[in-house]
Amino acid sequence: MKQFMAISLNGAGAIMLEKEDEEKEELKPKHVRLGQFPSLAAATQKASEKLECPDVYPGVVCRGGGLGGFLIVNEEQLAAYG
């Protein structure tokens, strides 16, 4: 089982960034921890329910109507984004 997170995407599909804390200038992807799952598919389905995103694609959930969504990644993948 791997730990999965949901990275926030804006309406244009770009990754949303935030400061990790006020003392650091470095920006990191804004994300929500989803928990441990046996597969990306299981994590994606849970993210759809938890984050109220009805549109589900492999590794991505969307709010619909151009309102953004989330990219589902594991810990190693999140580290690659910053």
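Refer to the structure presented above.
Residues numbered from 1 in each chain as written. Predicted model: local features only at pLDDT ≥ 70, side-chain atom pairs only at ≥ 80, totals over all residues. Heavy atoms only, no water.

(A) Summary view of the overall build of the protein chain. Helix and strand counts for the protein chain stand at two helices and seven strands. Put simply, the protein chain runs from its N terminus to its C terminus through helices and strands in the order β-β-β-β-α-β-β-β-α. Sorting the 82 residues of the protein chain into buried and exposed places 32% on the buried side. Of the contacts formed within the protein chain by residues at least 6 apart in sequence, a portion of 50% connects residues at least 24 apart. Surface exposure of the protein chain reaches about 5,100 Å², of which carbon and sulfur atoms provide 52%. Treating the 9 positive side-chain charges of the protein chain as one cloud and the 12 negative ones as another, the clouds have centres 3 Å apart. (Helix = DSSP H or I, 4+ residues; strand = E, 2+ residues; numbered from the N terminus. Buried < 20%, exposed > 50% of the residue type's maximum accessible area, 1.4 Å probe, protein only. Contact = heavy atoms within 4.5 Å. Areas by Shrake-Rupley, 256 points an atom, 1.4 Å probe, with all protein chains shown as cover. Lys, Arg positive; Asp, Glu negative; His and termini not counted. Charge placed at Lys NZ, Arg CZ, Asp CG, Glu CD.)

(B) View of helix α1 (residues 40-50). The complete set of buried residues in α1 reads A43, T44, A47 and S48. Angularly, the buried residues of α1 cover 140 degrees about the axis, an arc narrow enough to put them on a single face. Along α1, the residues that are exposed and aim more than 90 degrees away from the buried face are A41 and E49. Buried residues along α1 sit against β1 (2-9), β4 (31-37), β5 (55-57), β6 (60-62) and β7 (69-74). (Arc of directions from axis to C-beta.)

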